[in-house]
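Overview (structure and organization)
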Amino acid sequence: MNKKFGALLLILAMALSLAACGSKDPEPTTEPSVEPTVEVSVEPTTEPTAEPSEEPSVEPSVEPTTEATEEPSEEPTPEAKPTATPEAKPEPTATPEPTQEPTPEPTPEPAPKTYKDGTYTASAQGFGGDVVATVTIADDTITAVTITGGSETPAIGGAALETLAANAKASGAAMDGVSGATVTSDAAKSAVSDALAQAKN
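In this text the structure is predicted, and so the values were computed from the model without any measurement.

**So, the overall build of the protein chain**
- For the protein chain, the helix and strand inventory stands at three helices and three strands.
- Its helices and strands taken in sequence order, the protein chain reads α-β-β-β-α-α from the N to the C terminus.
- For the protein chain, long-range pairs separated by at least 24 residues make up 48% of all intrachain contacts whose partners lie at least 6 apart in sequence.
- Of the accessible surface of the protein chain, which amounts to about 17500 Å², a share of 56% is contributed by carbon and sulfur atoms.

Printed below as a string of structure tokens:
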């Protein structure tokens, strides 16, 4: 190392001297100028070599770092109060109205019959003899009436018998008589009344 450094210094000195020579121009001087030469003495530098130290290397002791563990705070956390959820009110269901069944109208009891069904015969004294009335009843109704009187005057009482029978069928014992044949009419009314009396309940 020292040799290399010394050679470098020598080369540097030669370069400086050559440069100094080249820079001089010949002047018509009578006296030669002598420039002093400067010698550069380069002392060899001795680099200190690091001797191995016999002291044992002390490795830095790494102290365990104790991290501060955060202890949980013992403050009680406020409990969340349960919110009261509104109860769903059941919607009122429409109760079906009971269907009113039509009440059957009471059938009227049949009125008691005035007369019994059948044919009934009765007679009464007329102008010339008996006047006979035959009355037929069905469902409490006079359905037929016949009045006979063979001994009655044909032109008066005998002629009135058919009219008296029609009146008896329409009105019963309340039948009308025939004018001019009063005795025959009264006999016919009496005979019809007796026949209806037999038919009564």
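**Quick look at the side chain of Glu152**
- Within the secondary structure, Glu152 sits in the loop between β3 (141–148) and α2 (154–171).
- There is no salt bridge for the buried Glu152, and the closest opposite charge comes from Lys189, which lies 14 Å off by N-O distance.
- Engagement of the side chain of Glu152 in a polar contact is seen with the backbone nitrogen of Gly129, the distance being 3.5 Å.
- Here the side chain of Glu152 touches Thr184 through a polar contact of 2.5 Å, side chain to side chain.

**Focus on the nonpolar core**
- Residues Val135, Ile137, Val145, Ile147, Met175, Val192 and Leu196 are the most contacted members of the largest nonpolar core, which totals 25 residues.
- Going through the elements one at a time, β1 (118–125), β2 (130–138), β3, α2 and α3 (182–199) are the ones with two or more residues in this core.
- The element contributing the most residues to this core is α3, with seven residues.

**Some words on unusual backbone geometry**
- Backbone geometry at Asp139 places phi at a positive 55 degrees, although glycine is not the residue there.
- Even without a glycine there, the phi angle at Asp140 is positive, about 65 degrees.
- With respect to the element layout, Asp140 can be found in the loop between β2 and β3.
- Residue classification places Asp140 among the partly exposed residues on the basis of a relative accessible area of 26%.

**Focus: α3**
- Under the 1.5 Å per step criterion, the end-to-end length of α3 is 26 Å for 18 residues, consistent within 8% with the ideal 26 Å.
- Those residues of α3 not exposed but buried are Thr184, Ser185, Ala187, Ala188, Ala191, Val192, Ala195, Leu196 and Ala199. For α3, the angular spread of buried residues about the axis comes to 165 degrees, placing them on one side.
- Close packing links the buried residues of α3 with β1, β2, β3 and α2.

Basis of the calculations
Residues numbered from 1 in each chain as written. Predicted model: local features only at pLDDT ≥ 70, side-chain atom pairs only at ≥ 80, totals over all residues. Heavy atoms only, no water. Helix = DSSP H or I, 4+ residues; strand = E, 2+ residues; numbered from the N terminus. Contact = heavy atoms within 4.5 Å. Areas by Shrake-Rupley, 256 points an atom, 1.4 Å probe, with all protein chains shown as cover. Buried < 20%, exposed > 50% of the residue type's maximum accessible area, 1.4 Å probe, protein only. Lys, Arg positive; Asp, Glu negative; His and termini not counted. Salt bridge = Lys/Arg side-chain N within 4 Å of Asp/Glu carboxyl O. Polar contact = N/O pair within 3.5 Å; in protein donor to acceptor, adjacent residues only side chain to side chain. Core = buried A, V, L, I, M, F, W, Y, C linked by side-chain atoms within 4.5 Å. Expected span 1.5 Å × (residues − 1). Arc of directions from axis to C-beta.

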